[in-house]
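Topology and contacts: notes
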Amino acid sequence: MTTPLYTGADWSFPLLDEVYNACEDIALNDLNLNVYPNQLEVISSEQMLDAYASSGLPLYYKHWSFGKQFSAEEQNYRKGYTGLAYEIVINSNPCINYLMEENSITTQTTVIAHAAFGHNHFFKNNYLFRQWTDASHIIDYLVFAKNYIMECEERHGQRIVEQVLDSCHALSKHGISKYKRPIKLNVYEEREQATERRQYLRQIYNDLWRTLPKTKKQKEKKKNVAFSDPEENILYFIEKNSPILTDWQRELVRIVRKISQYFYPQYQTKVMNEGWATFSHHYIMNTLHDKGLLTDGAMLEFFHTHSGVMYQPTFDQKGYNGFNPYYLGFEMFKDIKRVCEEPTAEDKEWFPDFAGGDWRQTCLYAVENFRDESFIRQFLSPTLIRKMHLFTLNNNTNANHYIVKDIHNSRGYKSIREVLANMYSISSMIPDIEVADAAFTSGRQLSLRHNATNGKALTEDAQEVLTHVKRLWGYQVKLQSVSEGAIIKSYQTDSIPQLEIE
Amino acid sequence: MSKYIIDRRKNPKGKSLSNRQRFIRRAKKHLTERIHKNIVKRSITDKGEESISIPTDGIQEPSFNNDGKTGDYDFVLPGNQDFIKGDTIEKPPAGGGGGAGQGEASDSGGGEDEFQFSLTRDEYLDIVFEDLELPNLEEKNKENVTVWETHRSGYTTVGSPSQLNIEQSMIRSLGRRIALKFPKRKEIDKCEKEIERLEKEIKHYKEEIKPMTKNRAEIEELKLKIERLRKRHKAIPFIDPIDLRFNNFAKYPKPTSSAVMVCIMDVSASMGEREKELSKRFFLLLYLFLERKYENVDVIFIRHHTEAIECSEEEFFQSKETGGTVVSSGLLLANTILKERYSQAEWNAYIAQASDGDNFMSDIPILEETLVKHILPVVKFYTYVEIAGMYEQTRGFWSAAAHAHTGMWKLYDSLHKQWPNLVSKKVKEAGEIIPVFREFFSKSSTISSMNSTVVDETEDNE
């Protein structure tokens, strides 16, 4: 009989170490996870609140909106409306895990299993994270961004920097290249090159050149500056083409879109990422208990926290706010395990390629190669649809009622799975808006086009966002919502040119 | 697999502090508005935080979002009980989130019209007292109670080793060594190498062939030189006690600004619970304000009916004495206390008086004399708050119909022209306290000294 790792409720550093090793043994040798080195950082609740306000990043540039978020979180926490998260994990190499000092040792164990192994494995192996983010450089880049923005504030004043950032933030979700993969961040090189270029241009500047008559070729070249292809990354377009931004302002635009791009895979894998981390901690905790390393008391405490995280109210219950990604993701991974271990005839029909197969392999395969949309499309089983009593509704602007389209029966499974997967597609989370045209030569008007999926219009905020676009662009900005070739709504700003941000 | 466990709890917290200040600065307009409106509802001495909600305009962060109410699309919900295909469900009323939550994930309470958060006491008072200043503030030196402050003050030749200034000491050491021609190690090395070279040359030729006397002589010379250098090296210390310099600290007397605030309140029968409550609020505000401006503030409480007594704070606000009113008694006592305990050289004196304005007519001349002869020349600022009757219309500054004024009001009114440091105001309800207070102390305040300067300028122009 092995002795349990601990019997009390308090944690200590040596104990954390032991617990980590026990979890690691299961994670690496049983679950076959492949993780970045871990860095566990114990922090206080105040520090946790601080971390909240900066999207969990260990350092972030300064902006009032983070202060607003902080004030709101603090108020909620102090008044007891919400508890604090048990952990925050950062997609970096080494992987930084924040553990809160108030946690009991059981919670710490859960958190280690959840974040240090579950999330960590996901970050390291999921294709989106591998292709889109650069874990080893993100911290360096954040340091650069913070210092750069601080320098700008000193040089140009806080107010103007704040204005540029406000406008960039309004567009941050549209600062993402969805198809073109970003080049890996290499902060030092990039920065040095940028300054060198600027320095060089400054040195060789000679006003005389301007007075030389233009050759025919040059004139032609100038004429050819025209808008070519639509651009989905609005911030990128502005950074490269805005007629009014100065060097440092372009750099700010760049910083906001780079950081936005870093978060892009997280939008798309919320369900999978949380689901996999929850599945990992559930498996690791249970295995620890089976091995006799956890007491029954600790297990009871674990189940209490676990079920709290997993709470999924039904649509008609108070507090329903969409699907709980922890719950949906966890149930799906658990279901994959079930299909592998005890497949029913139905499972064999739906999942011929892995029903009865090796669940570890199947799960790892899923983690590596899918995002929420495709994961649901591929792995949501009829069993789970029945368990969750899923049903689809149709919304039509003109109707006073929703219409029930499908329920959890054999005729509905396919459609429910399809609709649920679509709900996690990028275009239903972030409106599809692109730069449709820019008049470079006359008027300098910027035209944006919103491809309204299923005729979904934009919220009222759109008009205000346009004024932010105009601040960065300087000239009139127009936006049209287009659905099936028809314009359903159009917005525009005033046409008074504003030659600089003031 | 490597891991690190790091204790970060000792790291500085409050990383978000500067972001928070930025936020408060941004929301300032709304905050000020709300605080001035709500301040009367709260006791100013409340320790702790002030929860406040402000309108969201100006602190919104707009972004493009799908409007879930529009369009023709399907969505999935969990928890079907008894719907079958084709059923219809009523849409939730506009505004309510209800069932269809797709794509409407609002972060940090977006969508609400009010943004709620907490201000700390300091942040709160900062806003309350923003743009206010104390007229005639002076830093006075308390000669008998000297406060000393240590400042750096150059270097000394003696001191404790912990205060040794290495840089300064080394500069002197270097200078002394240069002056005394302290031989460099290099120089000795050079000589030694030269000897070596010469000896090699000697060895190269056989003695019989070439005696190399010149070389031998040179070697002797060099050896002597080395010896001299070595001696010198030994004789001149690298660091000498005369090189040492120590950081010096000197003590300077520090001027302290102190204020004494005398609260005088009428507790005669005519002052009811409401009147006392209003006076209390005014006194508290004044106290907090003085406390922020001066390092130490003494408060003296004097209550009076026909005679005046100095009392404790509790007695001041809670006593239930009644009687007639002789206002001058309070002022005379204040005068005695100021003279006896608070010398003008050390203390800035402020008097705040609250009364309902009732006074024996026969007391008015005495009151005037006391004020003009003793009080007004001494005090920095004299505020008089007259608590108006519940149903009496509050009047504008100096503008009300004369017949409505009490004897005291008339007296103070007339004195104000001569003594700009005396100001008076009528207050009827709690909501007026802050505006009155702000009027007393606002930077371009109604104190007529300001007005008179304006007049002077115009005269100059003419």
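How each quantity is defined
Residues numbered from 1 in each chain as written. Chains lettered and ligands numbered in written order. Predicted model: local features only at pLDDT ≥ 70, side-chain atom pairs only at ≥ 80, totals over all residues. Helix = DSSP H or I, 4+ residues; strand = E, 2+ residues; numbered from the N terminus. Buried ≥ 20, exposed ≤ 12 C-beta atoms within 10 Å, placed from the backbone. Contact = placed C-beta atoms within 7 Å. Rg over C-alpha atoms; globule rule 2.2 N^0.38 Å. Arc of directions from axis to C-beta. pLDDT = per-residue confidence, 0-100. Domains from an automatic or database assignment. Pairing = 2+ DSSP bridges. Axes fitted to C-alpha atoms, helices over the stretch in contact; angles between N-to-C directions.

**What to know about the overall build of chain B**
The secondary structure content of chain B amounts to 13 helices and 13 strands. Counting across all 462 residues of chain B, residues that qualify as buried make up 27%. Long-range pairs, those at least 24 residues apart, make up 82% of the contacts in chain B with a sequence separation of at least 6.

**Some remarks on the overall build of chain A**
A count of helical and extended segments in chain A gives 22 helices and nine strands. On C-alpha atoms alone, chain A measures out to a radius of gyration of 26 Å, which is about the 23 Å that the 2.2 N^0.38 rule sets for 502 residues. C-alpha atoms of chain A, sized along the principal axes, occupy 90 × 55 × 45 Å. Each of the 502 residues in chain A was classed as buried or not, and the buried ones make up 44%. A separation of at least 24 residues holds for 73% of the contacts in chain A among residues at least 6 apart in sequence.

**Points about helix H12 (residues 433–441) of chain B**
Residue and element names in this part refer to chain B. Looking at H12, one finds that the buried residues are Ile433, Val436, Phe437, Phe440 and Phe441. Looking straight down H12, one finds its buried side chains confined to an arc of 120°; they lie on one side. Buried residues belonging to H12 abut helix H7 (273–293), strand S12 (381–387) and strand S13 (422–427).

**Re the confidence of the model for chain B**
Residues and elements named next belong to chain B. Chain-level pLDDT for chain B is 75 on average; 79% of the residues reach the 70-or-more range. Per-element averaging of pLDDT across chain B places helix H13 (residues 448–461) at the bottom with 36 and helix H4 (residues 166–179) at the top with 92. Ignoring residues within four places in sequence, the model shows residues 392–403, a span with pLDDT below 50, making eleven contacts including any to other chains. Below pLDDT 50 for its whole length, residues 444–462 participates in 13 contacts with residues either more than four positions away or in separate chains.

**Here we look at the domain arrangement of chain A**
As assigned here, chain A comprises domain 1 (13–126 + 269–304), domain 2 (310–428) and domain 3 (429–492). If you average the C-alpha positions of domain 1 of chain A and of domain 3 of chain A, the two centres end up 40 Å apart.

**Overview of the environment of Tyr283 of chain A**
Secondary-structure assignment places Tyr283 of chain A in helix H13 (residues 270–290). Sequence separation of Tyr283 of chain A and Asp494 of chain A is 211 residues, and the distance between their C-alpha atoms is 58 Å.

**Quick notes on the sheet that holds strand S1 (residues 3–7) of chain B**
Ordered by their spatial adjacency, four strands build an open sheet running S2(A)-S3(A)-S1(A)-S1(B), and the pairing between neighbours is mixed. Sheet topology places strand S2 (87–90) of chain A together with S1 of chain B at the edges, where each strand pairs with a single neighbour. Here the average twist between neighbouring strands, direction ignored, is 15°. In this structure, strand S1 (residues 38–43) of chain A lies alongside S1 of chain B, joined through five bridges in parallel fashion. Bridging across to S1 of chain B, Gln39 of chain A finds its partner in Tyr4 of chain B.

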